[in-house]
Amino acid sequence: MSDTSQGTGGLSFDQSKRSWPNEVNVFGALIIIIMIFEILGATIMGQSFLLDSHDRFDTIFNEARLKIIILQVSIIGIIAIGVTQVIITGGIDLSSGAIVGVTAMIAMSFGQTELVNGNPNPKAIFGPAFMDLPILVPIIVGLIVGIIAGGINGVLIAYTRIPPFIATLGMMVTARGAAKWWSKGSPISFPTENYASIGSGMTPVFVFAFLAILFHFVLKYTVYGKHTYAIGSNEDGARMAGINVNRHKVLVYVIAGGLASIAAIVFSSKNLTAQAGMGLVYELDAIAMAVIGGVSLSGGRGSIMGTVIGALIFGVIISGFTFLRLDAYYQEMVKGMIIVAAVVLDQWRQRRAAMKS
Amino acid sequence: MKRTILAASLAIMISTSAYAENIGVSMALFDDNFLTVLRNGIQKLADGKDGVDVQIEDAQNDVAKQLDQINNFIASGVDAIIVNPVDTSATQAMSDVAAAAGVPLVYVNRQPINMDSLPDNQAFVGSNEIESGTLQAFAVCQQLRAEGKSNGARAYLFIGELQNQSAIQRTKDVHDVIGMDMCKFITLIDEQTANYGRNEAQDLMTNWLSTGEKFDAIFANNDEMAIGAIQAMKAGGIDMTKVVVGGIDATQDALQAMKSGDLDLTVFQNAAGQGAGAFDAALKLAKGETVNQSIMIPFELVTAANIDSYLSKN
């Protein structure tokens, strides 16, 4: 059942045989893409992509552009941190975008303010008793929603042994349905000032950075991390080595669900609204960020740092195309090609490394 | 005993269906602010009328699913069908099956492609899409003139979903208006899609702000994008009194943004009015009466001056 040629964990993984960590390659790709935009910017637009062309900022950089590059991928980035862990175990999570939708709806309905411009909130879900609640209430409610959804994913995958693709596909459809059902399709708006502050300004970036650093260390230096890689490299081996694989899988999906719900809270706050369609196909963007960042879909390989760089590549492409005033069509086409190219290059590199050894 | 109960219940079923007018409604999707108001408009009217039952289904933006729903409505013997088409170019098949079964059909909100060849017992209730973008662009133009910027103004345009007819039309309307002599002073710096979404518009605006270009106005194909742009401009420290922002839809969120002095104008499309119009037309057709095949509900411009009469409409 287990195909030992897949993944490079266990015996076949030998750090010394790799010339340099894969993250360096991904980072190199990021630099190359930035350089392309710099050259195109200089020739077409007559100004720099990342540097301050008009002396508007104190530093040599166009700070506004640096900020938006990271800001626009922070929310999907938070999801991608969870998705990365799931993929490292050899699984997949298609439900994260839908979990964002349902969490945003439910959390926001506990974070509404009673009066809008002096009038009663026109989008009120509950009565005044459930409005202007302390900020912790919507946050905790939101986290619970995400953890439950992730827990169901994990239990289904670990104990009924259905493929993660199917379990999370089911959750994707169910959670999206729940998001629409919650308010019968109508958007939920006008949060309290406290709730609105969660996602204002650069806060999404700080949340993303904090979680990325946290889980970078968790995956690298804790037992949780070691088990995650071990299961993805060789599940039977991990089981024989005494790892409680089922319990660990549930935990991984719970964390992914929790991270999706954090993304949802930040997201709905940033937009000051929750809508049932929120987070549509975010799961695919999150998976793509991880894959570009060198996370192997066959499990056992990849890192949070790679995913973060993958997210930055996305951000640079979006901002770069807007900078060049090119239509969104091209953006999507290039994004798709980069996803495939990243995996092709990675496969090729792996084969070469294997031949050398 | 069993038989009498069965017979009695059958009799009841027959008698209710003989009295009640059954109307099947297939909405393109439930998860849409505007379509929800429209759907609620239909439901409310039906609830208030004795002897009329509506069954509303969600086609989930799936053309095939919508056609199945129509076939199911016909199979269960409804007296009329209201369709809010997922894809306006796929309406011929819907008209055909309804016509073959002799069931009246009313399209709502999105104009069917076979408008010119609709059978007698089919109709369309909606608004003339050209009005919305034109009203918006013209009002922005007028406001810029009133602010003394008629010697040159620069604007950004937020486009909706590129595959959506309304986005294409509204974008064209803006181009047409700023091509007129009176509004020629407006130049577009850039136009991009933000897929009718608030978050995408917020990010797009922030990207535009990072170029440092000066601008005077924002055209947005819908309110969600206008609000996203406003949120980004406020975060970027732009003085909102110096920028004219125009949206379309007059959603609650947009009206509140107007109350706060951020959004300058929006265009109201009477969702509940369209729903009510479709319901009335369906009912009349079900009773064998004739209706006008094209029933147009006008768009209305909303500004700070007349906002109060719209606060409770959407």
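Residues numbered from 1 in each chain as written. Chains lettered and ligands numbered in written order. Predicted model: local features only at pLDDT ≥ 70, side-chain atom pairs only at ≥ 80, totals over all residues.

1. Here's the deal with the overall build of chain B
The criterion, for reference: Starting at the N terminus, helices and strands are each numbered in turn, a helix being any DSSP run of H or I of at least four residues and a strand any DSSP run of E of at least two. Counting other C-beta atoms within 10 Å of its own, a residue is labelled buried from 20 upward, exposed at 12 or fewer, and partly exposed in the gap between, with every C-beta atom placed from the backbone. C-beta atoms are first placed from the backbone for all residues, and any pair lying within 7 Å is then listed as a contact.
Each helix and strand counted, chain B has ten helices and twelve strands in total. Taken along the three principal axes of its C-alpha coordinates, chain B extends 85 × 40 × 30 Å. Out of the 314 residues in chain B, the part that is buried amounts to 51%. Look at the contacts in chain B between residues 6 or more apart in sequence, and 73% of them connect residues 24 or more apart.

2. Focus: the overall build of chain A
Heads up, the rule is: All radius of gyration figures rest on C-alpha atoms, and the globule criterion is 2.2 Å times the number of residues raised to 0.38.
If you tally the helices and strands in chain A, you get 13 helices and four strands. Scaling as 2.2 N^0.38, a compact globule of 357 residues should have a C-alpha radius of gyration of about 21 Å, and chain A matches this with 21 Å. When burial is assessed residue by residue, chain A has 52% of its 357 residues classed as buried. Long-range pairs, those at least 24 residues apart, make up 78% of the contacts in chain A with a sequence separation of at least 6.

3. Some remarks on helix α8 (residues 223-235) of chain B
Residue and element names in this part refer to chain B. Basically, it comes down to this: Here the expected span of a helix is defined as 1.5 Å times the quantity of residues minus one.
For α8, with 13 residues, the first-to-last C-alpha span of 18 Å sits near the 18 Å given by 1.5 Å per residue. For α8, the tally of buried residues reaches eleven of 13 residues, placing the bulk of the element in the interior. Burial in α8 covers these residues: Asp 223, Glu 224, Met 225, Ala 226, Ile 227, Gly 228, Ala 229, Ile 230, Gln 231, Ala 232 and Met 233. The secondary structure elements touched by the buried residues of α8 are β6 (153-159), α7 (198-209), β8 (217-220), β9 (244-246), α9 (252-259) and β10 (265-268).

4. Topic: the sheet that holds strand β2 (residues 52-58) of chain B
All names here are of chain B. Let me state the cut-off plainly: Strand pairing follows a simple DSSP-based rule, namely that at least 2 bridges must link the two strands. As a rule, the C-alpha atoms of each element are fitted with a line to give its axis, helices using only the stretch in contact, and angles between N-to-C directions run from 0 to 180 degrees.
Across the sheet, which stays open at both edges, the six strands sit in the order β2-β1-β3-β4-β5-β11 with parallel pairing between neighbours. Whereas interior strands pair on both sides, the edge strands pair on one side only; in this sheet they are β2 and β11 (294-296). Put simply, the sheet's adjacent strands are angled 20 degrees from each other on average, direction ignored. Inspection of the sheet shows strand β1 (residues 21-27) paired to β2 by seven bridges, in the parallel sense. Each bridged residue has a counterpart across the sheet, and for Ile 23 the counterpart in β2 is Val 54. Strand contacts of helix α2 (residues 33-48): β1, β2, β3 (80-83) and β4 (105-108), with the helix running at about 160 degrees to β2, the strand carrying the most contacts.

5. Digging into the interface of chain A and chain B
Quite often, the size of an interface is put as the accessible area lost when its parts meet. Heads up, the condition is: Three categories are distinguished: nonpolar for Ala, Val, Leu, Ile, Met, Phe, Trp, Tyr, Cys and Pro, charged for Asp, Glu, Lys and Arg, and polar for the others, with Gly belonging to the last.
Listed per partner, the contact involves 29 residues of chain A and 27 residues of chain B. Taken together, the elements giving at least two residues each to the side of chain A that touches chain B come down to α2 (63-88) and α12 (304-323) of chain A. In terms of residue count, α2 of chain A provides more of the side of chain A that touches chain B than any other element does, five residues in total. Looking at the side of chain A that touches chain B residue by residue, the class counts come to eleven nonpolar, 13 polar and five charged.

6. So, the domain arrangement of chain B
Residues and elements named next belong to chain B. Where we set the bar: Domain borders in the structure are assigned automatically or taken from a domain database.
By the assigned domains, chain B splits into domain 1 (11-127 + 270-297) and domain 2 (130-268). Residue-level contacts link five residues of domain 1 with five residues of domain 2. Of the residues in the side of domain 1 that touches domain 2, the class split is one nonpolar, four polar and no charged.

7. Observations regarding the nonpolar core
The cut-off we apply is this: Any set of buried Ala, Val, Leu, Ile, Met, Phe, Trp, Tyr and Cys residues joined through C-beta atoms within 7 Å is what this text calls a nonpolar core.
Core analysis: the largest hydrophobic core is formed by 100 residues, its most contacted members being Ile 78, Ile 79, Val 100, Val 102, Met 105 and Ala 263 of chain A. Counting 52 residues, the second largest nonpolar core, distinct from the first, contains Tyr 156, Ala 229, Ala 232 and Val 267 of chain B.

8. Details of the environment of Phe 215 of chain B
All names here are of chain B. Relative to the helices and strands, Phe 215 resides in the loop between α7 and β8. Along the primary structure Phe 215 and Gly 51 are separated by 164 residues, whereas in three dimensions their C-alpha atoms are 57 Å apart. Apart from the residues within four sequence positions on either side, Phe 215 is in contact with Arg 154, Ala 155, Tyr 156 and Ile 189.

9. Overview of the environment of Asn 114 of chain B
All names here are of chain B. Inspection of the secondary structure assignment puts Asn 114 in the loop between β4 and β5 (122-126). What makes Asn 114 partly exposed here is the crowd of 19 C-beta atoms within 10 Å. Ignoring sequence-local partners within four residues, the contact set of Asn 114 consists of Thr 91, Gln 92 and Ser 95.

10. Brief notes about helix α6 (residues 165-177) of chain B
Residues and elements named next belong to chain B. Stated precisely, the cut-off is as follows: This arc is taken over the directions from the axis of the helix to the C-beta atoms.
A rise of 1.5 Å per residue sets the reference length of α6, with its 13 residues, at 18 Å; its end C-alpha atoms lie 18 Å apart and thus fit the reference within 8%. For α6, the complete set of buried residues consists of Ala 167, Arg 170, Thr 171, Asp 173, Val 174 and Val 177. What you see down the axis of α6 is that its buried residues fit within an arc of 155 degrees, all on one side. In the core, the buried residues of α6 are packed alongside α5 (129-146), β6 and β8.

11. Notes on the pairing of β3 of chain B
Residues and elements named next belong to chain B. Selection rule: Handedness of a crossover: with both strands directed away from the viewer, a clockwise path from the first strand across the helix to the second marks it as right-handed.
Of the two faces of β3, the one lined by Ala 80 and Ile 82 and the one lined by Ile 81 and Val 83 are each fully buried. With four bridges connecting them, β1 and β3 associate as parallel partners. Counterpart to Val 25 in the pairing with β3 is Ile 82. Note: β3 against β4, three bridges, orientation parallel. When the bridges of β4 are listed, Ile 82 appears paired with Val 106. Following the backbone out of β3, through helix α4 (residues 91-101) and into the adjacent parallel β4, one traces a crossover that is right-handed.

12. Points about the packing of α2 of chain A against α7 of chain B
As a reminder, the rule being used: For classification purposes, an angle smaller than 35 degrees is called roughly parallel, one larger than 145 roughly antiparallel, one from 65 to 115 roughly perpendicular, and anything else oblique. What makes a crossing left-handed is the near helix being turned counterclockwise from the far one by less than a right angle; a clockwise turn instead makes it right-handed.
Direction vectors running N to C along α2 of chain A and α7 of chain B enclose 165 degrees, while the axes themselves pass 8 Å from each other. Judged by the inter-axis angle, α2 of chain A sits roughly antiparallel to α7 of chain B. In terms of crossing hand, the pair formed by α2 of chain A and α7 of chain B is left-handed. Packed against α2 of chain A, whose contacting residues are Ala 64, Ile 68, Leu 71 and Gln 72 of chain A, the element α7 of chain B presents Asp 203, Thr 206, Asn 207 and Leu 209 of chain B at the interface. Looking at side-chain class alone, the contact of α2 of chain A with α7 of chain B contains four nonpolar, three polar and one charged residues.

13. Quick notes on the pairing of β5 of chain B
Residues and elements named next belong to chain B. Of all five residues in β5, five are buried, a share of seventy percent or more. Side chains Gln 122, Phe 124 and Gly 126 of β5 all project onto a buried face; the interleaved residues Ala 123 and Val 125 project onto the opposite face, where all are buried too. For β5 and β11, the ladder comprises three bridges, and the chain directions are parallel. Across the sheet, residue Phe 124 finds its bridge partner in β11, namely Ser 294.

14. Here we look at unusual backbone geometry
All names here are of chain A. Residues other than glycine seldom take positive phi values, yet Phe 190 does so here, at roughly 60 degrees. Within the element layout of this structure, Phe 190 appears in the loop between β3 (188-189) and α6 (193-198). A count of 24 C-beta atoms within 10 Å places Phe 190 in the buried class. Backbone geometry at Arg 325 places phi at a positive 55 degrees, although glycine is not the residue there.

15. A few points about the packing of helix α7 (residues 203-221) of chain A against helix α10 (residues 245-271) of chain A
Residues and elements named next belong to chain A. The interhelical angle for the contact between α7 and α10, taken along N-to-C directions, is 165 degrees, at an axis separation of 10 Å. Comparing their axes, α10 and α7 come out roughly antiparallel. Like other packed secondary-structure pairs, α7 and α10 cross with a definite hand, here right-handed. Contact with α7, carried on its side by Pro 204, Val 207 and Leu 211, involves Leu 259, Ile 262, Val 266 and Lys 270 of α10 and no other residues of that element. For the contact of α7 with α10, a count of residues per class yields six nonpolar, no polar and one charged.

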